[in-house]
Amino acid sequence: MLRFKENVSLKPYNTFGIEAKTKYFYKVSNTIELKKILETNKNIPLRILGGGSNVLFTEDFDGLTLLIANKGKAVLEETSKTVIVEVQAGENWHEFVMWCLNNNYGGIENLALIPGRVGATPIQNIGAYGVELNSVFKWCKAINIATLKEEVIFKKDCEFNYRTSIFKARQKGKYIITSVCFQLQKPPHYPNIEYDALKEYFEGKSPKIDEIASAVIEIRESKLPNPKILGNCGSFFKNPLVSKSHYKLLKESFSELPSYPIISDEQIKISAAWLIDHLGFKGTQHGGAGVHKNQALVLVNLNAAKGKEVLDLAQKIQSAVKKTFNITLETEVNIL
Ligand code: EPU
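Given the structure is predicted, the values throughout are model-derived calculations rather than measurements. (Residues numbered from 1 in each chain as written. Predicted model: local features only at pLDDT ≥ 70, side-chain atom pairs only at ≥ 80, totals over all residues. Heavy atoms only, no water.)

Peer 1: Help me get a handle on the overall build of the chain, residues and values and all.
Peer 2: Of the regular secondary structure elements, the chain holds seven helices and 19 strands. Relative to a compact globule of 336 residues, whose C-alpha radius of gyration would be 20 Å, the chain shows 20 Å and is just as compact. By the burial criterion, 50% of the 336 residues in the chain qualify as buried. Considering only contacts within the chain whose residues lie at least 6 apart along the sequence, 61% involve residues at least 24 apart. Carbon and sulfur atoms make up 49% of the accessible area of the chain, which totals about 16,800 Å². Positive and negative side-chain charges in the chain, numbering 43 and 35 respectively, have mean positions lying 4 Å apart. (Helix = DSSP H or I, 4+ residues; strand = E, 2+ residues; numbered from the N terminus. Rg over C-alpha atoms; globule rule 2.2 N^0.38 Å. Buried < 20%, exposed > 50% of the residue type's maximum accessible area, 1.4 Å probe, protein only. Contact = heavy atoms within 4.5 Å. Areas by Shrake-Rupley, 256 points an atom, 1.4 Å probe, with all protein chains shown as cover. Lys, Arg positive; Asp, Glu negative; His and termini not counted. Charge placed at Lys NZ, Arg CZ, Asp CG, Glu CD.)

Okay, here's the thing in structure tokens:
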């Protein structure tokens, strides 16, 4: 019989460092255990937690929180050019990136230092410095909560897009990802240094994958607060997509507004950090919560912030952005 812990504080399990309690708590080490729990607890509200690096708890949870902690990596296939690796959902993402570099496997070096666990990475199609997870993703295994069957879900069915996937949108809450399979490159690699910050860093040089990872780590550390020191969840909002005509109007009034490389003919992705910064929020404090002094897109826990205080601040920012720019900022972080 599996025994749940009761009335557990979730503070150690979210990178914001927010205090909230869950009625029941269980650390899941393997799929068999996970299936058994799902089978025998169908009437208890369920919440799945990985690294807790993309959630904001705003209240206590009267249900069962499952911490996904299954471990292991296996090389499934290898050719002269590529390697296919299956990684269990509970593995730490950054440690996996480092493992790839040690083995000289390319493809995810730009995604170094992203907090969280491997199982969460497809949910919001993590991305940074010009690379998104979907560029190396092959398939994932996930338990369908309704049928309790483990399914293999291939890339073409994941509906990946900027910071979203089927697991965050259409099928939200329906699956628990148990492992992820990646296709990585053996040398020669095809490094991506198109992102402005990397282009500037390397000034025309052709870096190796471990040099790219070191640069990404250095840039991230200079801008983004370390969650172990200052609670945060990285970018709190997504960069908004606006229509071409809206973008033109904005540029007439705000000529410095940065945009990103074009992703479609109709829409342009613009910098949410710039919008928030322009409105003067950067470095400000609101109760225990605040806006990071080096990156306006990052909300931080300055002083024992309550989840509701962070949410209030987020809503204040959203209203101000709506009022001045007529843009609705969507949160990247899951608000629970
Ligand atoms: N900017 C400002 N003020 C700021 C910060 C940035 O005006 O306080 C402007 C600057 O012009 C800068 C531009 O915004 O050139 C872009 O800034 P940055 O390179 O830091 O990227 P971002 O768009 O703000 C995104 C991701 C980050 C990722 C970086 C690097 C989203 C929501 N965020 O941020 O991802 O690390 O690019 O690729 O797409 C995360 O998802 O948690 C995350 C940190």
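Now that the structure has been shown, the text picks up again.
Peer 1: A description of unusual backbone geometry should follow, citing residues and the corresponding values.
Peer 2: Trans peptide bonds make up the majority, and among non-glycine residues the majority have a negative phi. Put simply, Pro-187 and Pro-188 share a cis peptide bond, and its omega is 5°. At Tyr-129, a position not held by glycine, the phi torsion is positive, near 50°. Residue Arg-163 is not a glycine yet carries a positive backbone phi of 55°. With respect to the helices and strands, the residue Arg-163 is situated in the loop between β11 (150–154) and β12 (175–185). In this structure Arg-163 comes out as buried when scored by relative accessible area, which is 13%.

Peer 1: Outline the pattern of salt bridges, supporting the account with residue identities and numerical values.
Peer 2: A complete count under the given rule lists nine salt bridges for this structure. Where Lys-23 meets Asp-62, a salt bridge forms, and the shortest distance between an N and an O atom there is 3.8 Å. Within this pair, whereas Lys-23 is found in strand β2 (residues 21–28), its partner Asp-62 is found in strand β5 (residues 61–68), the two being separated by 39 residues in sequence. Notably, a salt bridge pairs Glu-159 with Arg-170, separated by 2.7 Å at the nearest N-O pair. Here Glu-159 is found in the loop between β11 and β12, whereas its partner Arg-170 is found in the loop between β11 and β12, with eleven residues between them in sequence. (Salt bridge = Lys/Arg side-chain N within 4 Å of Asp/Glu carboxyl O.)

Peer 1: I'd like a rundown of the site of the ligand, residues and numbers included.
Peer 2: Taken together, 24 residues form the shell around the ligand, and within it Tyr-129, Tyr-162, Tyr-195, Tyr-260 and Asp-277 come nearest. Backbone polar atom of Ser-235 to an oxygen atom of the ligand: 2.8 Å apart, as the coordinates give it. Here the ligand, which alone exposes 830 Å², has 81% of that area covered by the protein. Of all the elements in the fold, those that place two or more residues in the shell around the ligand are α4 (209–223), β13 (231–235) and α6 (272–278). Among the elements that line the shell around the ligand, the one with the most residues is α6, at three residues. Classifying every residue of the shell around the ligand gives twelve nonpolar, five polar and seven charged. (Near = heavy atom within 4 Å. Polar contact = N/O pair within 3.5 Å; in protein donor to acceptor, adjacent residues only side chain to side chain. Nonpolar A, V, L, I, M, F, W, Y, C, P; charged D, E, K, R; others polar.)

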